[in-house]
Amino acid sequence: MFLDKNLELNPTSPVKNRLVQTLSPEMSLENKTNLNILFLIPHPFYEDRGSPIADDMLLKVLSERGDNIDVVAYPQGRDVTYKNVTLYRTVKVPGCNNVRPGFSLKKLVYDVLMIFKVLQLTFHKKYDLIHAVEETSFIALLIKFLFKIPYVYDMDSSVAQQMIEKYPKLSPYKSVFNSFEGLAVKHAQAVVPMCQALANDIAEYNPQKVVILPDVSLLKSNPKQPTEDLKKNLKINNLLMMYVGNLESYQGIDLLLDSFALTLKQTQKADLVIIGGEPTDIQFYQQKAQKLGISNQVHFLGKKPASELDTYLFQADILVSPRTKGKNTPMKIYSYLDSGKALLATDLFTHTQVLNSEVAQLAAPEPEEFAKGMVNLIENETLRANLGAAGKALVQEKYSYTAFRQQSNRLYDDLKQELLPNLV
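To start, this report covers the structure provided alongside it.

What counts, and at which threshold
- Residues numbered from 1 in each chain as written.
- Predicted model: local features only at pLDDT ≥ 70, side-chain atom pairs only at ≥ 80, totals over all residues.
- Heavy atoms only, no water.
- Buried < 20%, exposed > 50% of the residue type's maximum accessible area, 1.4 Å probe, protein only.
- Helix = DSSP H or I, 4+ residues; strand = E, 2+ residues; numbered from the N terminus.
- Pairing = 2+ DSSP bridges.
- Core = buried A, V, L, I, M, F, W, Y, C linked by side-chain atoms within 4.5 Å.
- 1 Å grid on protein atoms, 1.4 Å probe; cavity = no way out; pocket = protein on both sides within 12 Å on 5 of 7 lines; lining within 4 Å.
- Points joined across faces, edges and corners; volume = space filled by probe spheres on them.
- Axes fitted to C-alpha atoms, helices over the stretch in contact; angles between N-to-C directions.
- Parallel < 35°, antiparallel > 145°, perpendicular 65-115°, else oblique.
- Left-handed = near helix turned anticlockwise from the far one by under 90°.
- Contact = heavy atoms within 4.5 Å.
- Nonpolar A, V, L, I, M, F, W, Y, C, P; charged D, E, K, R; others polar.
- Salt bridge = Lys/Arg side-chain N within 4 Å of Asp/Glu carboxyl O.
- Expected span 1.5 Å × (residues − 1).
- Phe/Tyr/Trp six-rings, centres within 6.5 Å; stacked < 30°, edge-to-face > 60°.
- Lys, Arg positive; Asp, Glu negative; His and termini not counted.

1. Description of the pairing of strand β5 (residues 129-133)
Alright, step 1. Burial of β5 is extensive: five of the five residues sit out of reach of the surface.
Alright, step 2. By the alternation rule, side chains of β5 split into Leu129, His131 and Val133 and Ile130 and Ala132, which are all buried.
Alright, step 3. Of the strand pairs in this sheet, strand β2 (residues 36-40) and β5 are connected by four bridges, and their pairing is parallel. By the bridge assignment, Phe39 is partnered in β5 with His131.

If you want it as structure tokens, here you go:
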């Protein structure tokens, strides 16, 4: 059961007495067949976006294994229920709502609060392993030095790289950030990057073990009928080009709109639908679309549940990923491919470590070149069909949930084998 508890325990309370028992060090020694894992999530959980979705998938796998998992996350997000999983949240700080992806002062506040929550838990309970997502690897590193608890560094992206990209003025301190990241990598029991690019980047730090755990498609094998007919409701008589995801600057939404404006000068056969984004971001890009004179053919739908992703992707004719920064492959790429629809993506390593010209139309991250890719797909129905079929076949072979579960289980089977001798 996924519960939300605090650690201010009153020994006179029967309910809290039972909780104290579950937190006692002796309990972790009674059962040598399952790991006691502390799982650290440095963002709102659960939310329908990339990192929380990846956390959710891995927690499902660990729950199925029978391991006992305590999760520490930010106060924002909705609760999800799993067997053998207990959720702890940091205290909520006034004015620190709506924590967005990427480094920010709000994230820094909650990361500091996570340190105190983790210390509380480790004083009350003996953990066999910490699964640390992103920057919480530094918290795990501290705990390893204090309590000798090994940790897994779940690396969705390079924290050092993120900070420099978002705040270029920090570039003089790049070597310092890299040094800290190197320490977190070097001392981890295992590092789990989500793509080959990250694995390549950390090789210089001589990690003990690296296991690449790529994201997977989120589409269901038996999708339900769409509740919203986009072309009908939006009065679209053209091909439907679609983007799904947040509207942070690294996603390349400026490139997308600039390219679409150039495309409409060559053909009027497509409309662009954008799903996702915070209200302030949507307003900003709506204004940009108006300035470009394309607002009549650009439709912002806001956030939609991840559970309904397939019902939207299947209505598209062309899917786009205009990302301009970062090395990690966007999670949406796998669902895009699985939909069987044609994909247009920037010709950057963030995409090309998974994509090639056989499964996607690739174009340089410049408005003129990306617009050429759009026009090519709009005008070529056969190409769209061929790319869609090839992309779907690739996902079914390499990037299914079954493949993710098998790789996750192999990782944790190995970790258990390494750690069990120390638990006896």
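So much for the structure itself; the text now carries on.
2. Observations concerning the nonpolar core
Alright, step 1. In terms of nonpolar packing, the biggest core is built from 57 residues, with Met242, Ile274 and Leu355 touching the most fellow members.
Alright, step 2. Counting residues in hydrophobic clusters, the runner-up holds 38 residues, among them Val118, Ala184, Ala197 and Ile202.

3. What to know about the layout of surface pockets
Alright, step 1. By volume, the second largest pocket is sized at about 620 Å³.
Alright, step 2. Considering the residues around the second largest pocket, the lining is formed by 26 residues, among which Met57, Ser217, Leu218, Leu219 and Lys220 are closest to the centre.
Alright, step 3. Broken down by secondary-structure element, the contributors of at least two residues to the lining of the second largest pocket are α3 (50-65) and α16 (381-398).
Alright, step 4. Broken down by element, the residue count for the lining of the second largest pocket peaks at four residues, all from α3.

4. Brief notes about the packing of helix α5 (residues 136-147) against helix α7 (residues 174-186)
Alright, step 1. Running from N to C, α5 and α7 point in directions that differ by 60 degrees, and their axes come no closer than 9 Å. With respect to α7, the axis of α5 lies oblique. Considering the relative orientation of α5 and α7, their crossing is left-handed. Residues Ser137, Phe138 and Leu141 of α5 pack against Phe180, Glu181, Leu183 and Ala184 of α7.
Alright, step 2. Of the residues belonging to the contact of α5 with α7, the class tally is five nonpolar, one polar and one charged.

5. Description of the pattern of salt bridges
Alright, step 1. Under the defined criterion, the tally for this structure stands at 18 salt bridges.
Alright, step 2. Across the pair Arg65 and Asp67 runs a salt bridge, and its minimum N-O distance is 3.2 Å. Grouping residues by exposure puts Arg65 and Asp67 together as buried.
Alright, step 3. Here Lys231 makes a salt bridge to Asp317, at a shortest N to O gap of 3.1 Å. One end of the pair, Lys231, is in helix α9 (residues 230-233); the other, Asp317, is in the loop between α12 (309-313) and β11 (318-321), and 86 residues separate them in sequence.
Alright, step 4. Three or more residues are tied together by salt bridges with common partners; here these are Arg65, Asp67 and Asp413.

6. Some remarks on α3
Alright, step 1. Given a rise of 1.5 Å per residue, 16 residues ought to cover 22 Å, and the 23 Å separating the end C-alpha atoms of α3 matches this to within 8%.
Alright, step 2. The element α3 is largely enclosed, with a buried count of 13 among its 16 residues.
Alright, step 3. Just beyond α3, the residue with positive phi is Gly66, at close to 95 degrees.

7. Concerning unusual backbone geometry
Alright, step 1. For the peptide bond that leads from Phe45 to Tyr46, omega is 5 degrees, which places it in the cis range.
Alright, step 2. For Tyr46, the position within the fold is in the loop between β2 and α3.
Alright, step 3. A positive phi angle, near 55 degrees, is found at Asn206, a position not held by glycine.
Alright, step 4. Positionally, Asn206 belongs in the loop between α8 (196-202) and α9.
Alright, step 5. Taking relative accessible area as the criterion, Asn206 reaches 58% and is therefore assigned exposed.

8. Observations regarding the packing of aromatic side chains
Two descriptors summarise a pair of aromatic rings, namely the distance from one centre to the other and the angle between the planes of the rings.
Alright, step 1. Scanning all chains against the criterion turns up six aromatic pairs.
Alright, step 2. Ring centres of Tyr74 and Tyr110 lie 5.1 Å apart, and the angle between their planes is 35 degrees; on these two criteria the pair is classed as tilted. With Tyr74 in the loop between β3 (68-73) and β4 (85-89) and Tyr110 in helix α4 (residues 105-124), the pair connects residues that are 36 residues apart, well separated along the chain. Each member of the pair, Tyr74 together with Tyr110, is buried.
Alright, step 3. Considering the side-chain rings of Tyr401 and Phe404, the 6.2 Å spacing of their centres and the 25 degrees angle between planes classify their relative orientation as stacked. Note that Tyr401 and Phe404 are positioned in helix α17 (residues 401-423) at a spacing of three residues, about one turn of the helix.
Alright, step 4. By relative accessible area, Tyr401 is classed as partly exposed at 26%.

9. So, empty space enclosed by the protein
Alright, step 1. A full pass over the atoms with the stated rule returns one cavity of 30 Å³ or more.
Alright, step 2. Considering only enclosed or pocket space, the largest cavity measures out at about 90 Å³ in volume.
Alright, step 3. Ala54, Leu58, Asp154, Asp156, Val192, Met194, Leu213, Asp215 and Phe404 are the residues that line the largest cavity.
Alright, step 4. Taken together, the residues of the lining of the largest cavity sort by class into six nonpolar, no polar and three charged.

10. Let's talk about the side chain of Glu181
Alright, step 1. Considering the arrangement of structural elements, one finds Glu181 in helix α7.
Alright, step 2. There is no salt bridge for the buried Glu181, and the closest opposite charge comes from Lys327, which lies 9.3 Å off by N-O distance.
Alright, step 3. Among all residues touching Glu181, those that are not within four sequence positions of it are Phe138, Tyr153, Met155, Ser158, Val159 and Ala160.

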